[in-house]
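Observations on the model geometry
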Amino acid sequence: MPRVQIGDIGIHYEIHGEGEPILLIAGFTNSAGGWFMQLPALSKEYRVIAFDNRGTGQSDKLDIPYTMDEMADDAVGLLDALGIDAAHICGVSMGGRIAQCIAIRHPQKVISLVLACTGCGGPHDIAGDAEALKSLAPPRQAQQRAPDEEEPGPWSNMMSHQFVENNPDIMAQIMAVSLESPAPPSTFKNHGRASRSHDSYDRLPEIKTPTLIMSGDADVIVPVENSRLLADKIPNSELVVFEGMGHCFKWEAAEAFNRTTLDFLGRHPRSA
């Protein structure tokens, strides 16, 4: 099990492929396993590093308060431990907030930046649908439910009903990843607190690296207006909006997500 100790946190990671490095940063309470639809495509051309944020997967799950900046420093510490002086950085949702912090705090570490379904936080954040956001709360323990009571999942708020119904194999893999090493309630609490305290609005113009911003126009968790704001504030950025896609378009529109990302990375190599 590849692990590295960064301060008081043990971080689990995995590496696929060869070439310029790209660091994938998962979202709220998610583990590196959620990149299963990106790893095969990206690793054909790049050295892909995926890791479990603190509190998720096989990384340590200490119940302590922390910030997006500290989670960004975890990611940079991982790159340092691997001897990587700079990488392409790709973050989705909360991972996109972590990626913003890396670009602001450690610009020398960033070759290019990919921000998907994310926002700047703070008072300028455009909030998602309140009922949809409730679906991100930690699931109740089985013993707290009646035997015939089904726990509602977040999928209806993340992807189209048609995709969920027509892709049982993909949904089974998503479920398997989420159940392999589920985040405890403390991670939901601490990730939520860190995400709510994030506010990069005033510092977004400091991001000078080439930046790709992606969003689905049907996202009810992080509305597309957040991506439009990022694109307005970050110099040298470009915005791609996926029509009819929700928050988890990295799964629902995986081929387009991968193709768009690879095209962007190819136009912004380290040697440029």
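All of the points below concern the structure found in this document. (Residues numbered from 1 in each chain as written. Predicted model: local features only at pLDDT ≥ 70, side-chain atom pairs only at ≥ 80, totals over all residues. Heavy atoms only, no water.)

**Brief notes about the sheet that holds strand 3 (residues 21-25)**
Here we have 8 strands laid out as an open sheet, ordered 1-2-4-3-5-6-7-8, and mixed in their pairing. Across the chains shown, the open sheet's two edge strands, defined by having one partner strand only, are strand 1 (3-6) and strand 8 (237-242). Taking each pair of neighbouring strands and ignoring which way they run, the sheet shows an average axis angle of 20°. Here 4 bridges tie strand 3 to strand 4 (residues 47-51), and the two strands are oriented parallel to one another. Directly across from L24, in strand 4, lies its bridge partner A50. (Pairing = 2+ DSSP bridges. Helix = DSSP H or I, 4+ residues; strand = E, 2+ residues; numbered from the N terminus. Axes fitted to C-alpha atoms, helices over the stretch in contact; angles between N-to-C directions.)

**So, the packing of helix 2 (residues 68-81) against helix 3 (residues 94-105)**
Contact geometry for helix 2 and helix 3: axes closest at 8 Å, N-to-C directions at 75°. It follows that helix 2 is roughly perpendicular to helix 3 by the angle criterion. From helix 2, M68, D69, M71, A72, D73, A75 and V76 reach across to helix 3, where they touch M94, R97, I98, C101, I102 and R105. (Parallel < 35°, antiparallel > 145°, perpendicular 65-115°, else oblique. Contact = heavy atoms within 4.5 Å.)

**Brief notes about the pairing of strand 7 (residues 211-216)**
Successive side chains on a regular strand alternate, one facing one side of the sheet and the next facing the other. Of all 6 residues that make up strand 7, 6 are buried, and the element is covered over most of its length. Of the two faces of strand 7, the one carrying T211, I213 and S215 and the one carrying L212, M214 and G216 are both buried. Pairing between strand 7 and strand 8: 6 bridges, direction parallel. Its bridge partner lying in strand 8, S215 is registered against V241. A crossover links strand 7 with its parallel partner strand 8, the connecting element being helix 9 (residues 224-233), and its sense is right-handed. (Buried < 20%, exposed > 50% of the residue type's maximum accessible area, 1.4 Å probe, protein only. Right-handed = clockwise from strand over helix to strand, strands pointing away.)

**What to know about the pattern of salt bridges**
Following the criterion strictly, the structure yields 13 salt bridges and no others. The shortest N-O distance in the salt bridge between R267 and D263 comes to 3.1 Å. One end of the pair is R267 and the other is D263, both in helix 11 (residues 254-267) and 4 residues apart, which spans about a single turn. Using a relative accessible area of 44% as the deciding quantity, one classes D263 as partly exposed. The network of salt bridges with common partners includes D69, D73 and R105. (Salt bridge = Lys/Arg side-chain N within 4 Å of Asp/Glu carboxyl O.)

**A word on helix 2**
With 14 residues, helix 2 extends 20 Å between its outermost C-alpha atoms, agreeing within 8% with the 20 Å of an ideal straight helix rising 1.5 Å per residue. Count one or two residues on from helix 2 and you reach G83, which has phi positive near 75°. (Expected span 1.5 Å × (residues − 1).)

**Considerations on the layout of surface pockets**
Over the atoms rolls a probe the size of a water molecule, and its path tells where empty space is left. Its boundaries defined by the atoms lining it, the second largest pocket holds a volume of some 150 Å³. What lines the second largest pocket is simply T67, M68, D69, C101, I104, R105, A194, S197, H198, D199, S200 and R203. Listing elements by their share of the lining of the second largest pocket, those giving two or more residues are helix 2 and helix 3. At 3 residues, helix 3 tops the list of elements feeding residues into the lining of the second largest pocket. (1 Å grid on protein atoms, 1.4 Å probe; cavity = no way out; pocket = protein on both sides within 12 Å on 5 of 7 lines; lining within 4 Å. Points joined across faces, edges and corners; volume = space filled by probe spheres on them.)

**Some details on the packing of aromatic side chains**
Enumeration according to the criterion identifies 4 aromatic pairs in this entry. One aromatic cluster is present, built from ring pairs that chain together F242, F249 and F257. (Phe/Tyr/Trp six-rings, centres within 6.5 Å; stacked < 30°, edge-to-face > 60°.)

**Some remarks on unusual backbone geometry**
Positive phi, normally seen in glycine, also occurs at S93, with a value near 55°. Tracing the backbone through its elements, the reader meets S93 in the loop between strand 5 (87-92) and helix 3.

**Considering the side chain of N53**
Among the structural elements, N53 can be located in the loop between strand 4 and helix 2. Non-local contacts of N53, meaning those with residues more than four positions away in its chain, are made with I25, A26, G27, S59, M71, M94, I98 and H191.

**Side note on the environment of S237**
Position of S237 among the secondary structure elements: in strand 8. Using a relative accessible area of 23% as the deciding quantity, one classes S237 as partly exposed. The spatial distance from the C-alpha of S237 to the C-alpha of T29 is 27 Å, given a sequence separation of 208 residues. Among all residues touching S237, those that are not within four sequence positions of it are T211, I213, L230 and A231. Separated by 2.8 Å, the side chain of S237 and the backbone oxygen of I234 make a polar contact. (Polar contact = N/O pair within 3.5 Å; in protein donor to acceptor, adjacent residues only side chain to side chain.)

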